Amino acid sequence: MPLRLYNTLGRTIEEFKPLVPGVVGFYGCGPTVYTYAHIGNLRAYVTHDILVRTLRNRGYTVQHVMNITDIGHLSGDSDSGEDKMLRSAAERGKTVLEVAELYTQAFFSDIERMNILRPGIVCKATEHIGDMIALIKRIEAGGYTYVAGGNLYFDISRFEHYGDLAMLRMKNLKAGARTDLDTNKRNPGDFVLWFTKSKFENQALVWDSPWGRGYPGWHIECSAMSMRYLGETFDIHAGGIDHVPVHHTNEIAQSEAATGKRPWVRYWVHNEFLVLDREKMSKSGGSFLTLQNLVDAGYDPLDYRYFLIGGHYRSQLQFSWDSLEGARNSRKSLVDRVRALGAEAVQPGAGSPALARLAAFHQALDDDLSTPRALAELWGLLRDGSAVSGEVLWTVLQMDTILGLNLRAAAEEAPEKDPESAAEIEGYIARRAEAKAAKDFALADSIRGELKEKGIILEDTKTGTMWRRG
Ligand code: AMP
Ligand code: ZN
């Protein structure tokens, strides 16, 4: 069965065929490093990771490129609001580059803890200004630009296919569907390619350009850097669903205007949002949760990875502490079962039930990356009494090359490091709850102390007593 992906361009599930046999050019929009990534952002990177791992598993060489936005991203995606980097630097009393370095390193640490493979090429916007200027010159030469109020704009009315990705109607855009305070724009959908007249006093980072000293708009960086590393047309571009109407729409317009080649990107993959209390979680929208917040609450980053892959990337996912707790318990049982296999991995022979499970697992992923079904196949394999332990272990490890739950480490960890099974610990917790109910606090405390000596830490929460290995 071929790999099939939902392509936002055209809104259908399509068979994936790369431009060059055996090789996939893949660009995923990376973070704007003005603060920590929030757990919603991490959903986007886990989606990219599952896609990359699935492609590699199929034998493709994947050229994975990700940008780091360290310049030019305003708080509104269509050139409105403040410069995110500048504001953050001012608030923290640091330079823009110091802020960028701090949060870039924090981002790498987050993705490593989530077992997300680092893209082969991670490129910073500030190190590719020359590529952006060269690309803007080509767009200008094609007659797609105008200068107003000191800035260089992309004129969307000159680009016939503007808005195809988002299925936008040009006449609606002209009617001013977006409210934009930038009165220099001929059309509210027009966007800045190069700012020469800084919107902000003391703009920290500026470069010389044919349009004057200034800095690039946000969208041009992704067009310039993706083409720099992947060529003028490439296979897959990914990002969160919020990028469809503005950022990716503008990237397409710029890139196709510059090269005259269509389609610039052949498959567009967009993940749905992680939502918290029924609202989009956004970095600029105030309160948000980081991976470190989850770790501080006693969770392993892989609990969160397990939680994410339990949902399909195109469905909205509601975050709650209860569901994260559920994911932690499921992952714990998974690890316990893998450890309990207690066998050397053995490649299954033809006709083995483990191989049938592996085939079903791959089929699920081939069907637009259905990680929930893939996970169900993993569980089915572990519960299948007819399969030989060594073969089960081999198959589990194969599956984990895509799921990325570090099950090999779990399997290799000696069982004696885990003296108490989850069921035994639950038994202690139940006895402690009974003691507390009977107001026998001395007994309750001694049960807690006994567990502590065994390396098990109890935490009383609103939803009951949770435990972790200390
Ligand atoms: P940013 O750092 O804001 O440029 O966002 C990085 C990536 O995270 C982009 O692909 C966004 O589309 C994506 N993203 C932002 N918020 C969420 C969310 N709540 N859930 C899932 N993806 C998100
Ligand atoms: Zn981008």
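Above: the structure in question.
Residues numbered from 1 in each chain as written. Chains lettered and ligands numbered in written order. Predicted model: local features only at pLDDT ≥ 70, side-chain atom pairs only at ≥ 80, totals over all residues. Heavy atoms only, no water.

**Q** Explain the site of ligand 1 to me, using residue names and the numbers behind them.
**A** Every one of the 18 residues lining ligand 1 counts as a neighbour, but Gly40, Gly240, Asp242, Phe273 and Leu274 are closest to it. Here a nitrogen atom of ligand 1 and a backbone polar atom of glycine 40 are 3.1 Å apart. Within the contact set of ligand 1, a nitrogen atom lies 3.2 Å away from a side-chain nitrogen or oxygen of asparagine 271. Considering ligand 1 on its own, with 490 Å² of exposed area, one finds that the protein chains cover 95% of that surface. Elements supplying a minimum of two residues to the shell around ligand 1: α1 (39–57) and β10 (234–240). Ranked by residues supplied to the shell around ligand 1, first place goes to α1 with four residues. Each residue belonging to the shell around ligand 1 can be placed in one class, and the counts come to six nonpolar, nine polar and three charged. (Near = heavy atom within 4 Å. Polar contact = N/O pair within 3.5 Å; in protein donor to acceptor, adjacent residues only side chain to side chain. Areas by Shrake-Rupley, 256 points an atom, 1.4 Å probe, with all protein chains shown as cover. Helix = DSSP H or I, 4+ residues; strand = E, 2+ residues; numbered from the N terminus. Nonpolar A, V, L, I, M, F, W, Y, C, P; charged D, E, K, R; others polar.)

**Q** Lay out the pairing of strand β4 (residues 61–68) with the relevant residues and their values.
**A** Of all eight residues making up β4, six are buried, and the element is well covered by its neighbours. Direction of pairing for strand β3 (residues 23–28) relative to β4: parallel, over a ladder of six bridges. Within the sheet, the bridge partner assigned to glycine 28 lies in β4 and is methionine 66. In this region the chain leaves β3, passes through α1 and returns to the parallel neighbour β4; the handedness of that crossover is right-handed. In this sheet, strand β5 (residues 121–124) lies alongside β4 in parallel orientation, the contact comprising four bridges. (Buried < 20%, exposed > 50% of the residue type's maximum accessible area, 1.4 Å probe, protein only. Pairing = 2+ DSSP bridges. Right-handed = clockwise from strand over helix to strand, strands pointing away.)

**Q** Can you tell me about the coordination of the zinc ion (ligand 2), naming the residues and giving the values?
**A** Note on the zinc ion (ligand 2): its protein donors are Cys29 (SG), Cys222 (SG) and His247 (NE2). The metal-donor distances range over 2.1 to 2.2 Å. Counting residues between consecutive donors of the zinc ion (ligand 2) along the chain gives the motif C-x192-C-x24-H. Note that cysteine 29 is positioned in the loop between β3 and α1 and histidine 247 in helix α7 (residues 244–259), a separation of 218 residues in sequence. Taken as a pair, cysteine 29 and histidine 247 share a single burial class, namely buried. (Donors = N, O, S within 2.8 Å, 3.2 Å for Na, K, Ca; no water.)

**Q** Talk me through the sheet that holds strand β9 (residues 215–216); I want residue IDs and the actual numbers.
**A** Across a sheet, paired strands are connected by hydrogen bonds in the backbone, their directions being either parallel or antiparallel. Across the sheet, four strands lie side by side as β6-β7-β8-β9; this open sheet has antiparallel pairing. Two strands bound the open sheet, and with one partner strand each, they are β6 (145–148) and β9. Alignment of strand β7 (residues 151–154) against strand β8 (residues 191–195), held across three bridges, turns out to be antiparallel. Residue pairing across strands places tyrosine 153 opposite valine 192, the latter belonging to β8.

**Q** Tell me what's going on with the packing of aromatic side chains, and back it up with residues and numbers.
**A** The tally for this structure, following the rule as stated, stands at 18 aromatic pairs. On the basis of an interplanar angle of 50 degrees and a centroid distance of 6.2 Å, the ring pair of phenylalanine 107 and phenylalanine 108 is categorised as tilted. The buried category is assigned to phenylalanine 107, whose relative accessible area is 2%. According to the relative accessible area criterion, phenylalanine 108 is buried, its value standing at 10%. Plain terms: the ring middles of phenylalanine 154 and phenylalanine 191 are 5.0 Å apart, the flat faces sit at 10 degrees to each other, and that makes the pair stacked. (Phe/Tyr/Trp six-rings, centres within 6.5 Å; stacked < 30°, edge-to-face > 60°.)

**Q** Go over the side chain of histidine 38, please, and point to the residues and values.
**A** Along the chain, the position of histidine 38 falls in the loop between β3 and α1. Side-chain polar atoms of histidine 38 contact the backbone nitrogen of glycine 40, separated by 2.9 Å.

**Q** Any details on unusual backbone geometry? Residues and values, ideally.
**A** Following arginine 262, the chain continues into proline 263 via a peptide bond in cis, with omega recorded as -10 degrees. Among the secondary structure elements, proline 263 is positioned in the loop between α7 and β11 (265–271). A positive phi is found at arginine 11, a non-glycine position, where the angle reads about 55 degrees. Summarising the element assignment, arginine 11 is placed in the loop between β1 (4–7) and β2 (12–15). Judged by relative accessible area, arginine 11 falls into the partly exposed class, the value being 29%.

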